[in-house]
Amino acid sequence: MRDNIEKLMQEYPFVAENIKFLGILLLAIAAYFLTKNILLRFIKRFVRHTKTEIDDILLHDRVLKNVSYIAPLIIIKLFAYTIPSIENFIHVIINALIVLLVIFTINGFLTGFTEVLSRMEKFKEKPVKGYIQVVKIIVYIFGGVIFISTLLGESPWALLGGLSALTAVLVLVFRDTILSFVASVQISSYDLVKVGDWIEVPKYGADGDVIDISLNVIKIQNWDKTITVIPTYKLIEDSFKNWRGMTLAGGRRIKRSVYIDQSSIKFCTEEMIAKFERIQLLKDYIKNKREEIKKYNEERNIDDSVLVNGRRMTNVGTFRAYLKEYLLQREDINKDMTFLVRHLPPGPQGLPIEIYVFTKTTNWNEYEEIQSNIFDHILAVIPQFELRVFQNPTGYDIKEAVNTLKEL
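I will try to describe carefully the structure that is included in this document. (Residues numbered from 1 in each chain as written. Predicted model: local features only at pLDDT ≥ 70, side-chain atom pairs only at ≥ 80, totals over all residues. Heavy atoms only, no water.)

## Some words on the overall build of the protein
Piece 1. Counting secondary structure elements, the protein contains 16 helices and 9 strands.
Piece 2. The proportion of buried residues among the 408 residues of the protein is 31%.
Piece 3. Long-range contacts, defined here as pairs at least 24 residues apart, represent 63% of the contacts in the protein between residues at least 6 apart.
Piece 4. Just so you have it, the protein exposes about 25,800 Å², and 60% of that area is on carbon and sulfur atoms. (Helix = DSSP H or I, 4+ residues; strand = E, 2+ residues; numbered from the N terminus. Buried < 20%, exposed > 50% of the residue type's maximum accessible area, 1.4 Å probe, protein only. Contact = heavy atoms within 4.5 Å. Areas by Shrake-Rupley, 256 points an atom, 1.4 Å probe, with all protein chains shown as cover.)

In structure tokens:
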């Protein structure tokens, strides 16, 4: 029977080669299942029982899955000599596939390596992802050259030499990538942006937290929860504001003005001064100011029977003094940072009195609550100093004016 089989094989070589190929294929499949279900399962179990999580991340499923394909390919290559007619073809295809698997394995390993670095405090806020992407691009370029050279049966160096003529085209194709890489280096070197920073990029309508920095793009989650994606190199080309300094300083600035109707500004009468003296926050100020003005006028023999002679208190000056004391009494205002209650140049909308102070918190909700409370109080207390807040006439104002004219 053996002789008959050998005779049949000699008469029909095509059938013989198919049978051999089928046998090699079955052997390769067996090697794949052995590698996947025994060797890789053992490696996974070993990795899970180690104390560190680094090997779990580096040797994740995608890396091990690619490795499991290499064993059957090697089996096919080793037994390719049994099929002389297509031996060279099998070698070329298997070598090319092994190159691809090595590329994918390195890519998976680099992805795991990125995750390992991102979990380390030292690299948590660094644009590591961008640099790893550059390495991946290099791996893909050189791997692609080796893959093509393997299929063509040419030396990789000869292929690279031929590609040198296409350098200008490659530079044009990878222009954005090259610019983004340079921008990533600048961002990292000068510590311009980190994940978690609040930045504003007006040109692109971005205002929110940086949630990802990669080689090509920076993702910003705006306060309305939309996502703005900006090319990395565009962030360097255009101006942007980073609020990290405010967070590190531990205080957020309040810079807002209240506009006083200038026609309500006047010198204080004795009745007004007596009234202000009963305000607890102004008690010491009024006492000291009275003594200071009295001494000044007496030393210079000032005739204080005329209002414009010498020095006098004004209702707006006393109001500013009250605001200073009021803000100094608040525990949520940082007294160690810039602290101003000042006049700005008067204009068509009246006299701006600006509050320029810093809160002790950088939390947005708390900051807005503090700012609102301060200006609630300011707007309510202004009439106590016989001052008026300036605002453009409303329908109510016009109605009141008409009623007054009717009464007259």
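Still to come is the rest of the account.
## A closer look at the pattern of salt bridges
Piece 1. Summed over all chains, the structure comprises 13 salt bridges.
Piece 2. For the salt bridge of R244 with D197, the shortest nitrogen-to-oxygen distance reads 2.8 Å. With R244 in helix α11 (residues 244-249) and D197 in the loop between α9 (175-189) and β1 (198-201), this residue pair connects regions lying 47 residues apart in the sequence. When sorted by exposure, R244 lands in the same class as D197, which is buried.
Piece 3. Note that E354 is salt-bridged to K255, the shortest N-O span being 3.3 Å. You can see E354 sitting in strand β9 (residues 351-359) and its partner K255 sitting in strand β6 (residues 253-260), a full 99 residues away along the chain.
Piece 4. We classify K255 as partly exposed; its relative accessible area is 43%.
Piece 5. One salt-bridge network, held together by shared partners, links K255, R342 and E354. (Salt bridge = Lys/Arg side-chain N within 4 Å of Asp/Glu carboxyl O.)

## A look at helix α15 (residues 364-381)
Piece 1. A rise of 1.5 Å per residue sets the reference length of α15, with its 18 residues, at 26 Å; its end C-alpha atoms lie 26 Å apart and thus fit the reference within 8%.
Piece 2. At the N-terminal end of α15, a side-chain oxygen is found 3.0 Å from the backbone nitrogen of N365, two or three residues along, and the residue is N363. (Expected span 1.5 Å × (residues − 1). Polar contact = N/O pair within 3.5 Å; in protein donor to acceptor, adjacent residues only side chain to side chain.)

## Let's talk about the packing of helix α14 (residues 315-329) against α15
Piece 1. Close contact between α14 and α15 brings their axes to 12 Å; oriented N to C, the two are set at 150°. Classified by the angle their axes make, α14 and α15 are roughly antiparallel. The chirality of how α14 crosses α15 is right-handed. For the pair formed by α14 and α15, the contact residues are F319, Y322, L323, Y326 and L327 on the first element and N373, I374, H377, I378 and V381 on the second.
Piece 2. Residue composition of the contact of α14 with α15, by class: 8 nonpolar, 2 polar and no charged. (Axes fitted to C-alpha atoms, helices over the stretch in contact; angles between N-to-C directions. Parallel < 35°, antiparallel > 145°, perpendicular 65-115°, else oblique. Left-handed = near helix turned anticlockwise from the far one by under 90°. Nonpolar A, V, L, I, M, F, W, Y, C, P; charged D, E, K, R; others polar.)

## Remarks on the pairing of β1
Piece 1. Here β1 pairs with strand β2 (residues 206-213) via 4 bridges, running antiparallel. Note on β2: the bridge partner recorded for V201 is A206.
Piece 2. Counting the residues between successive antiparallel strands, the hairpin from β1 to β2 contains 4 residues, one of them, G205, with a positive phi of roughly 65°.
Piece 3. Judged from the 2 bridges that link them, β1 and strand β5 (residues 241-242) form a sheet pairing that is antiparallel. Pairing of E200 across the sheet is with K241, part of β5. (Pairing = 2+ DSSP bridges.)

## A few points about the nonpolar core
Piece 1. Counting 33 residues, the largest nonpolar core has F319, L323, I353, I355, I374, I378 and F385 as its most contacted members.
Piece 2. Sequence-distant contacts of L323, that is, excluding residues within four places in its chain, are made with V341, I353, I355 and I378.
Piece 3. Counting residues in hydrophobic clusters, the runner-up holds 11 residues, among them I187, A206, I220 and L235. (Core = buried A, V, L, I, M, F, W, Y, C linked by side-chain atoms within 4.5 Å.)

## A word on the packing of aromatic side chains
Piece 1. Counting across every chain of the model gives 8 aromatic pairs.
Piece 2. Summarising the aromatic geometry, the rings of W198 and W243 are spaced 4.4 Å apart at their centres and angled 10° between planes, so their arrangement reads as stacked. Note that W198 is positioned in strand β1 and W243 in the loop between β5 and α11, a separation of 45 residues in sequence.
Piece 3. Looking at W198, the relative accessible area reads 14%, which means it is buried.
Piece 4. Three or more aromatic residues joined by ring pairs make a cluster, and in this case those are F276, F319, Y322, Y326 and F385.
Piece 5. The lysine or arginine in question, R252, covers the ring of W243, its NZ or CZ lying 5.6 Å from the ring centre.
Piece 6. A cation over an aromatic ring shows up here: R311 above the ring of Y296, its NZ or CZ 5.2 Å from the ring centre. (Phe/Tyr/Trp six-rings, centres within 6.5 Å; stacked < 30°, edge-to-face > 60°. Lys NZ or Arg CZ within 6 Å of the ring centre and 35° of its normal.)

## A look at the sheet that holds β1
Piece 1. Here 5 strands make up an open sheet; going across it, the order is β4-β3-β2-β1-β5 and the pairing antiparallel. Each end of this open sheet is capped by a strand with a single partner; those strands are β4 (227-231) and β5.

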